[in-house]
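Letter by letter, the chains look like this.
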Amino acid sequence: MERRYADILEGLAAEDNLRTLRETVPDGRHLLYGGRRYLNLSSNDYLGIGTDTALQEEFIASLGSPDRFVMGNPSSRLMTGNGPEYAALEWSLAGLFGGRECLVFGSGYLANTAILPALTSPGDVILADRLVHASIADGMRLAGCTWERFHHNDTDHLEKLIKRHAGRGCGTVWVVTESVFSMDGDHAPLTELCALRERYGVRLYLDEAHAFGVYGPAGAGLAAAMGLDRCFDIIVATLGKAVASQGGFAVCDAQVKQLLVNKARGVIFSTALPPVSLMWSKFVVDRLAGMDDRRRHLAALAALIAPPGRRPSHIVPVMAYGNGDAARLADRLRDEGYWVTPIRYPTVPKGQARVRLSLNAAMESGEIEKLARLCKHAG
């Protein structure tokens, strides 16, 4: 057994695909590692909330002297873990989505692995963009029904698949995509997807993990920014990226929420979140509407580094293609003081390795202008 494990690790190393854990220390929008200070381009803290110590101090002051233990929650929500902080957070989230029901999960990963298995039946079909999150792919595998991928952002290919499966008399067809894709930063064709829903009666599942907080009125996401959020039957987002907290949530109708409470294994069998995390999430969510200045600054930074002809995004891939090339590119940018991470298979398809730049509203224009010049020559 040990020899087999050693062979696996040696094979990963030979493919320039061996990962290691590095101990880093946050330092505002920078991080410390090995005695050096780097601008952190590998965080999903898009609004700079995770580096905002003044906001953190305001939250801590608001707690006063807790009259009960709020640091942990040793139970599931269906046992004794569903404290009033859950309802308060879900109420605040519902306010961002026009009063629709919201259900908080322990993480975005738990939500994506639990929702489709809970809502689908064996005769149903799931059609997902080929670049959706790994958590969605895991949820499709657990669903126990037919699933298939459509070409990235290709609604013509998707429509062909819808027609083919509908012609075979399948059950419900679910179409699954992200709004802003995690590794390329591009946008899904939301308007066209809504048209397909109207035409064929499919159900739409949208992951807004990388858009929530960044786009739309009060940061409600890309679909809300386009006035299309009501078109999507399920919207999933995370509290662990732009909100700088932990957990994830689903936006749905009341009946679906009740079904998820009863069938979603990620709710039933998972320990509830600590009250202090739920309180921090609500504290931030309640302030998202007042963070337009951060969203505008983030958009301005994205415009500084967007490649020609490409829509500006707070997620910027610098392509290297080979695993070794991606690792060397990351080393070069770290030498210049930018903390970046090589992204390799299986996070991206084989031959599509890159360095992923993740912008943060706490960053300064000069820092990104310099980075743009480096990337133009390096990638």
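Provided above is the structure to which this section pertains.
One numbering rule holds for all chains: residues counted from 1, following each sequence as written. Per-residue local features are limited, in this predicted model, to residues with pLDDT of at least 70; the limit for side-chain atom pairs, both in listing and counting, is 80 or more; totals at the level of whole chains, interfaces and linings are taken over all residues. Hydrogens and waters are ignored; side-chain quantities use all the structure's heavy atoms.

Trainee: Any chance you could break down the state of the cysteines for me, citing the residues and the numbers?
Mentor: For this text, the term disulfide refers to a pair of cysteine sulfurs within 2.5 Å. This model, assessed by the stated rule, comprises one disulfide. Note on cysteine connectivity: C194 is disulfide-linked to C231, with sulfurs 2.2 Å apart. Here the S-S torsion is close to -130 degrees, and the disulfide linking C194 with C231 is therefore left-handed. Residue C194 is located in helix α8 (residues 190-200), and its partner C231 is located in the loop between α9 (222-225) and β9 (234-238); the two are separated by 37 residues in the primary sequence. Accessibility classification places C194 together with C231 in one group, the buried group. Put simply, DSSP marks the helices as runs of H or I at least four residues long and the strands as runs of E at least two long, and each gets a number from the N terminus on. Exposure classes here rest on a 1.4 Å probe applied to the protein chains alone. A residue is buried below 20% of its type maximum, exposed above 50%, and partly exposed in between.

Trainee: Can you tell me about unusual backbone geometry, naming the residues and giving the values?
Mentor: Here the bond from Y345 into P346 is cis, since omega is 10 degrees, no more than 30 degrees from zero. Positive phi, close to 60 degrees, is recorded for A218, a residue that is not glycine. For A218, the position within the fold is in the loop between β8 (203-207) and α9. Phi is positive for Y321, close to 75 degrees, though the residue is something other than glycine. Along the chain, Y321 falls in strand β11 (residues 315-321). Of the residues examined, Y321 reaches a relative accessible area of 46% and is grouped as partly exposed.

Trainee: Provide a residue-level description of the side chain of S358, including the pertinent values.
Mentor: Mapped onto the elements of the fold, S358 is located in strand β14 (residues 353-358). Look at S358 and you get buried, because its relative accessible area is 0%. Once you skip the residues sitting within four places of it in the chain, S358 turns out to touch N40, L41, S43, N44, Y46, H314 and M363. The contact rule is simple, with two residues in contact once any of their heavy atoms fall within 4.5 Å.

Trainee: Summarise the sheet that holds β8; cite the residues concerned and give the values.
Mentor: By way of backbone hydrogen bonds, the strands of a sheet pair with one another, either parallel or antiparallel. Read across the sheet, seven strands follow the order β4-β10-β9-β8-β7-β5-β6 without closing on themselves; strand pairing throughout is mixed. The open sheet terminates on both sides in strands that have one partner only, identified here as β4 (101-105) and β6 (146-150). Ignoring which end each strand starts from, the neighbouring axes of this sheet average 20 degrees apart. The rule for pairing is simple: two strands pair if DSSP sees at least two bridges between them. As paired elements, strand β5 (residues 125-129) and β6 share five bridges and run parallel to each other. Along β6, the bridge assignment pairs D129 with F150. Only the contacting stretch of a helix is used when fitting its axis, a line to C-alpha atoms as for every element, and angles between N-to-C directions run 0 to 180 degrees. Lying over the sheet, helix α6 (residues 134-143) contacts β5, β6, β7 (173-178) and β8, oriented at roughly 150 degrees with respect to β6. Contacting β5, β6 and β7, helix α7 (residues 155-167) runs over the sheet at an angle of about 155 degrees to β6.

Trainee: Now, about helix α10 (residues 254-263): what can you tell me, with residues and values included?
Mentor: For α10, the full list of buried residues reads V256, K257, L260 and V261. Within α10, the buried residues cover an arc of 140 degrees as seen down the axis, which keeps them to one side. In α10, the exposed residues that point more than 90 degrees away from the buried face are Q255 and N262. Residue D253 occupies the N-cap position of α10, its side-chain oxygen lying 3.2 Å from the main-chain nitrogen of Q255. Here the arc refers to the set of directions running from the helix axis out to each C-beta atom. Polar contacts, as counted here, are pairs of nitrogen or oxygen atoms within 3.5 Å of one another; within protein the pair requires one atom able to donate a hydrogen and one able to accept it, and residues that are adjacent in sequence qualify only if both atoms are side-chain atoms.

Trainee: How would you summarise the sheet that holds β14 if you had to cite specific residues and measurements?
Mentor: One open sheet accounts for three strands, arranged β11-β14-β13; its pairing is antiparallel. Edge strands, defined here as strands with exactly one partner in the open sheet, are β11 and β13 (342-343). Sheet topology places β13 next to β14; two bridges connect them, and they run antiparallel. Across the sheet, the residue bridging to I343 is R354, located in β14.

Trainee: Go over the packing of aromatic side chains, please, and point to the residues and values.
Mentor: Note on ring pairs: Phe, Tyr and Trp rings are taken, using the six-membered ring of Trp, and paired if centres are within 6.5 Å. Classes follow the plane angle, with under 30 degrees stacked, over 60 edge-to-face and the rest tilted. In total, this model carries eight aromatic pairs according to the counting rule given. Between the aromatic rings of Y33 and W339, the centroid separation amounts to 5.2 Å while the plane-to-plane angle is 65 degrees, which identifies the pairing as edge-to-face. Of this pair, Y33 sits in strand β2 (residues 30-33) while W339 sits in strand β12 (residues 338-339), placing them 306 residues apart in sequence. The partly exposed category is assigned to Y33, whose relative accessible area is 29%. Among the residues examined, W339 registers a relative accessible area of 7% and is labelled buried. For the ring pair F212 and F249, a centre distance of 5.1 Å and an interplane angle of 70 degrees mean the geometry is edge-to-face. Of this pair, F212 sits in the loop between β8 and α9 while F249 sits in strand β10 (residues 248-252), and the two are 37 residues apart along the sequence. Residue classification places F212 among the buried positions, given a relative accessible area of 1%.

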